[in-house]
Amino acid sequence: MNVNGTGRVVFVTGTNTEVGKTVTTAAVTASALRAGLRVAVLKPGQTGVAPDEPGDAEEVRRLAGPAAPTGDSLTLRELARYPEPLAPDTAARRAGLPCLAVEDVAKEVAALAERHDLVLVEGAGGLLVRYDEQGRTLADQARAVRELGLPAEVLLVATAGLGTLNITTLTAEALDARGLPLLGVVVGAWPDSPGLADRCNLTDLPRAAGAPLLGALPERAGLAADFPALAVAALAPALHGRWDAAAFTAEHAAG
């Protein structure tokens, strides 16, 4: 718990869509639960899922749920759902549904932080994807939470291969310009057979981000027989795991 009596708040964003944000959110959830923390996962805007279909929050429950020692250790929330797989503001407009208000997200995060040790907020797509007609983004949601006095941080999920350094740098610069601290970077899907770019990027990603590498989840991590154990092995101590960035880089980096 933080000294002010509220839980830690981490916004999870990605360098793009389909980079492993949900499996990373589930992994951080599982490792925190195994460490004895009470965890809340908030998905502010779920897109591309029908009303009766399970969304990202339910995928977190499926993967991380076995790590919860009691039923009240894990709380999941979803604030808005739009059926088409588009940016939240576009999906809301096309569905004739209201956009998600930044203020509502901040209030929900604050309420969850009062009752949990860790609140994870999983975004849609990348950091600057629009959530409303004013162009407000996940970054604006994080800033609104910080304006409430909660020290929110951002965890960036990146790909391993070509192109990741540029977009990681752009995201880090966008966070810095908005006064948002970058906790670190997690590789959302470390390939079974990494190529030269993947291996070089283990060294280059922390430099591009200006923040540490905090984990590397293997490809198809969501199919693991014991996902909570995998999560602990693939995440650094800052995320309640036992993964060693230096050792992993030494083993896999290009010579």
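These numbers come from a predicted model, not from an experiment. (Residues numbered from 1 in each chain as written. Predicted model: local features only at pLDDT ≥ 70, side-chain atom pairs only at ≥ 80, totals over all residues. Heavy atoms only, no water.)

**Student:** Got a minute to help me understand the pattern of salt bridges in this structure?
**Tutor:** One pass over the structure, following the stated rule, counts 17 salt bridges. Between Arg34 and Asp226 there is a salt bridge, with the nearest N and O atoms lying 3.8 Å from each other. Pair noted here: Arg34 is in helix H1 (residues 21-34) and Asp226 is in the loop between strand S7 (213-218) and helix H8 (227-234), with a separation of 192 residues, a long-range link. Overall, Arg34 belongs to the partly exposed group, its relative accessible area being 48%. Across the salt bridge formed by Arg77 and Glu108, the nearest N and O atoms sit 3.4 Å from each other. On the criterion of sequence distance, the pair formed by Arg77 in strand S3 (residues 74-82) and Glu108 in helix H4 (residues 102-115) is long-range, its members being 31 residues apart. A single network of salt bridges, built from pairs that share partners, joins Lys43, Asp56 and Glu122. (Salt bridge = Lys/Arg side-chain N within 4 Å of Asp/Glu carboxyl O. Helix = DSSP H or I, 4+ residues; strand = E, 2+ residues; numbered from the N terminus. Buried < 20%, exposed > 50% of the residue type's maximum accessible area, 1.4 Å probe, protein only.)

**Student:** Explain the packing of helix H6 (residues 164-177) against helix H7 (residues 196-209) to me, please; I cannot follow it from the model alone.
**Tutor:** A packed helix pair is summarised by two numbers, namely the angle formed by the two axes and the spacing between the axes. Direction vectors running N to C along H6 and H7 enclose 20°, while the axes themselves pass 8 Å from each other. Taken together, the axes of H6 and H7 are roughly parallel relative to one another. The handedness of the crossing between H6 and H7 comes out as right-handed. Seen from H6, the contacting residues are Thr164, Leu165, Thr168, Thr169 and Ala172; seen from H7, they are Asn201, Asp204, Leu205, Ala208 and Ala209. (Axes fitted to C-alpha atoms, helices over the stretch in contact; angles between N-to-C directions. Parallel < 35°, antiparallel > 145°, perpendicular 65-115°, else oblique. Left-handed = near helix turned anticlockwise from the far one by under 90°. Contact = heavy atoms within 4.5 Å.)

**Student:** Explanation requested: H6 in the structure shown.
**Tutor:** Spacing of three or four residues puts side chains on the same side of an α-helix, whose turn is 3.6 residues. Compared with an ideal rise of 1.5 Å per residue, which puts 14 residues at 20 Å, H6 spans 20 Å between its outermost C-alpha atoms and is within 8% of the ideal. Among all positions in H6, only Thr164, Thr168, Thr171, Ala172, Ala174 and Leu175 are buried. One side of H6 carries all its buried residues, which in axial view fall inside an arc of 160°. In H6, the exposed positions angled more than 90 degrees off the buried face are occupied by Asn166, Glu173, Asp176 and Ala177. (Expected span 1.5 Å × (residues − 1). Arc of directions from axis to C-beta.)

**Student:** When you look at the packing of aromatic side chains in this model, what are you seeing that I'm missing?
**Tutor:** Here the distance between the centres and the angle between the planes together describe a pair of aromatic rings. Within this structure, the stated rule accounts for two aromatic pairs. Between Trp190 and Phe248 the ring centres are 5.5 Å apart and the planes differ by 75°, which places this aromatic pair in the edge-to-face class. With Trp190 in strand S6 (residues 182-190) and Phe248 in helix H9 (residues 245-252), this pair connects stretches of sequence that are 58 residues apart. Judged by its relative accessible area of 6%, Trp190 is buried. Judged by centre distance (5.3 Å) and plane angle (50°), the rings of Trp243 and Phe248 are tilted. Residue class for Phe248 comes out buried when judged on its relative accessible area of 13%. Within the aromatic cluster, the residues linked to one another by ring pairs are Trp190, Trp243 and Phe248. (Phe/Tyr/Trp six-rings, centres within 6.5 Å; stacked < 30°, edge-to-face > 60°.)

**Student:** In this structure, what is going on with the pairing of strand S5 (residues 153-158)? I would like to understand it.
**Tutor:** Across a regular strand the side chains alternate sides, sitting on one face of the sheet and then on the other. With five of six residues buried, S5 is to be regarded as a mostly interior element. Across five bridges, the pairing between strand S1 (residues 8-14) and S5 is parallel. By the bridge assignment for S5, Val10 is matched with Glu153. Of the pairings in the sheet, the one linking S5 to S6 comprises five bridges and is parallel in character. Bridge pairing in S6 places Val154 opposite Leu182. Remark: the S5/H6/S6 crossover connection has right-handed handedness. (Pairing = 2+ DSSP bridges. Right-handed = clockwise from strand over helix to strand, strands pointing away.)

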